[in-house]
Amino acid sequence: MKRRLALALTALVLPATASRLAAQDGSVLRAPIQHIRPADQSGINVFESPKTDSTPFNGLALSVGAAFTQQFQGLKHANAASPNMVDGKDANKLIDIGKGFNNATANLMLNAQLAKGIRVQLTSYLSARHHQETWVKDGYLLVDASPLDVKVLNDIMKVVTLKVGHFEINYGDQHFRRSDNGNAMYNPFVGNLIMDAFTTEVGGEVYVRTGPFLAMGGITGGEVRGSVQNPSKRGPSYLAKLGFDKQMDPALRVRLTGSLYKNGKSNSNTLYSGDRAGSRYYDVMENITSTETAQAWSGEIQPGFKNKVTAMVLNPFIKYHGLELFGNIERAKGRASTEAADRTWHQYAGDAVYRFGPSEKFYVGGRYNTANGWLAGITDEVRVNRVQAGGGWFVTRNVLAKAEYVDQRYKDFPVTDIRHDGRFHGFMVEGVVGF
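What you are looking at is a predicted structure, and each value in this text was computed from that prediction instead of being measured. (Residues numbered from 1 in each chain as written. Predicted model: local features only at pLDDT ≥ 70, side-chain atom pairs only at ≥ 80, totals over all residues. Heavy atoms only, no water.)

**Q** Pulling in residues and values, what's your account of a nonpolar patch on the surface?
**A** On the surface, a cluster of nonpolar side chains totalling about 560 Å² of accessible area is made up of L60, L114, V120, L141, L162, V164 and V206. Here L114 lies in strand β5 (residues 105-115). Exposure remark for L114: the relative accessible area of 43% places this residue in the partly exposed category. (Patch = residues over 30% accessible without salt bridge, like charges linked within 9 Å, V, L, I, M, F, W, Y side chains within 5 Å. Areas by Shrake-Rupley, 256 points an atom, 1.4 Å probe, with all protein chains shown as cover. Salt bridge = Lys/Arg side-chain N within 4 Å of Asp/Glu carboxyl O. Helix = DSSP H or I, 4+ residues; strand = E, 2+ residues; numbered from the N terminus. Buried < 20%, exposed > 50% of the residue type's maximum accessible area, 1.4 Å probe, protein only.)

Shown next, in the form of structure tokens:
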């Protein structure tokens, strides 16, 4: 009886609540959250959370958002590595892959407006390739206004932003365009870069923004999780970013940023291995013992800078009418504790995307990405090249359908390495929902 009564009350209350919420611009969950990047199409080409914001503060507010993706994969791969027999099995034999659906991935985003210009964000991976259980990605406080109504503090906060907690560090601009597990709305392609610079760390960042100029400095614990153990092996990471971003006229926007990340001592640094979601290209260039979870980063290069890393990246961005050009010019140097000398990697990537139609709901684009450097245990320099080409259609501002053709080739890997003369290529189709 009680259960039937509860269901009846729910049936009465939820439609009424939904209708009140839906009255705001037709959106079901449109809480007045300030200084936030939208999770739908309008969040494209938004980099740092916006400093200027006309959203009114009407008291404590909670916003619930989510993002989902699903891919259909049609890739094939091949190599020319010599056999490497381990326990009677050839460890250099590629696993057999075919066409099919990958597991869906999903993110849950919670945002709370605590005070004027002050909000907290929590993002969780509900399902990911590497972590199929729920996994918290980040949680942090963003402060864009003074909690005290003091003139000098109010004036300072007109140009200053504070970010404190466990968050996605602001190294480079590519991390604003990449697919983040279920959130793939901002990426015009399906895959991320070959060397995927993305991680979350515990610490703080301070931003100063005035006019078109941006400056950021930050310090973190240097690892993906907080720890007080092994203090002799751990040290902070330092971050810096300088940039210029201006809408020159109604048709032309120009942005240029340079970023630095430096960690001199870490027990387990993850700048190039911090994505706990995994690659979009399932099982490519993996051997016959591969599993989707354990070999979650197939198709990527992780340089192995586990204990020391210094990385710099330059990111130019131009949007003229519907044409977007984005570049990634990157150099990283570091090593693991077992190595006597640093190794260096360079990465270059260029995107060209053309958006057209009403509200730019259609687009086509291409990307060239190359990375070269030295891996531990391999004497000579190796190189990986990738070409991506595709397009997309925003069915609504919350629903995106996209497809790409990808061709990735491995150069100069030794014949004993599974990636020797390796190649994977084919098509990917992806559906994305974000709100």
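**Q** With reference to specific residues and values, describe the pattern of salt bridges.
**A** Per the stated rule, a full pass over the model turns up 31 salt bridges. For R255, the salt bridge goes to E48, with nearest N and O atoms at 3.0 Å. Here E48 lies in the loop between α1 (2-22) and β1 (61-78) and R255 lies in strand β12 (residues 252-263), a separation of 207 residues in the sequence. Side by side, R255 and E48 carry an identical accessibility label, which is buried. Among the ionic pairs, K319 bridges to E324, the shortest N-O distance being 3.6 Å. For K319, a relative accessible area of 16% gives the class buried. A cluster of three or more residues bridged by salt bridges with shared partners is formed by K137, D138, E168, R178, D180, D196 and D275.

**Q** Please provide a residue-by-residue account of the environment of N307, values included.
**A** Mapped onto the secondary structure, N307 falls in the loop between β12 and β13 (308-320). When neighbours within four sequence positions are excluded, N307 is seen to be in contact with N263, G264, K265, S266, N267, R335, A336 and S337. (Contact = heavy atoms within 4.5 Å.)

**Q** Could you give an account of a negative patch on the surface, with specific residues and numbers?
**A** On the surface, D380, E381, D412 and D421 cluster together into a patch of negative charge. Position of E381 among the secondary structure elements: in the loop between β16 (362-373) and β17 (382-396). Assessed through its relative accessible area of 31%, E381 is described here as partly exposed. (Lys, Arg positive; Asp, Glu negative; His and termini not counted. Charge placed at Lys NZ, Arg CZ, Asp CG, Glu CD.)

**Q** Break down unusual backbone geometry for me, with residues and values.
**A** Of note in this structure, H35 is not a glycine but carries a positive phi near 55°. Among the secondary structure elements, H35 is positioned in the loop between α1 and β1. A relative accessible area of 8% places H35 in the buried class. A positive phi angle is found at D283, which is not glycine, with a value near 70°. Relative to the elements of secondary structure, D283 occurs in the loop between β12 and β13.

**Q** Tell me about the nonpolar core, and please be specific about residues and values.
**A** As a rule of thumb, soluble globular proteins bury nonpolar side chains together. In terms of nonpolar packing, the biggest core is built from 41 residues, with Y171, L271, Y272, I301, W345, F413 and F424 touching the most fellow members. Counting residues per element, the ones that place at least two in this core are β7 (135-143), β10 (213-220), β13, β17, β18 (399-411) and β19 (423-434). When residues of this core are assigned to their parent elements, the largest contribution, 3 residues, is made by β13. Ranked by size, the runner-up nonpolar core spans 13 residues in total, among them A184, M185, Y186 and V353. (Core = buried A, V, L, I, M, F, W, Y, C linked by side-chain atoms within 4.5 Å.)

**Q** Kindly report on the pairing of β17, identifying the contributing residues and their values.
**A** Two faces, one strand: in a regular strand the side chains alternate between the faces of the sheet. Where β16 lies against β17, 12 bridges are found, and the strand directions are antiparallel. Bridged to F362 within β17 is W393. Across 13 bridges, the pairing between β17 and β18 is antiparallel. Bridge pairing in β18 links A389 to Y405. Linkage of β17 to β18, two consecutive antiparallel strands, is achieved through a turn of 2 residues. (Pairing = 2+ DSSP bridges.)

**Q** I'd like to hear about the pairing of β16, residue by residue, with values.
**A** In this structure, strand β15 (residues 343-356) lies alongside β16, joined through 12 bridges in antiparallel fashion. Residue pairing in the sheet places Q347 in a bridge with A371 of β16.

**Q** A description of the side chain of Q408 should follow, citing residues and the corresponding values.
**A** Along the chain, Q408 falls in strand β18. The class of Q408 is buried, set by a relative accessible area of 0%. A polar atom in the side chain of Q408 sits 2.8 Å from the backbone oxygen of G299. Within the local environment of Q408, its side chain forms a polar contact with the side chain of Y410, the two groups lying 2.9 Å apart. (Polar contact = N/O pair within 3.5 Å; in protein donor to acceptor, adjacent residues only side chain to side chain.)

**Q** Give a detailed account of the confidence of the model for the protein chain, specifying residues and quantitative values.
**A** This prediction gives the protein chain a mean pLDDT of 92; 93% of its residues lie at or above 70. Segment residues 1-28 is flagged for pLDDT under 50; beyond a separation of four residues in sequence, or across chains, it makes 8 contacts in the model. (pLDDT = per-residue confidence, 0-100.)

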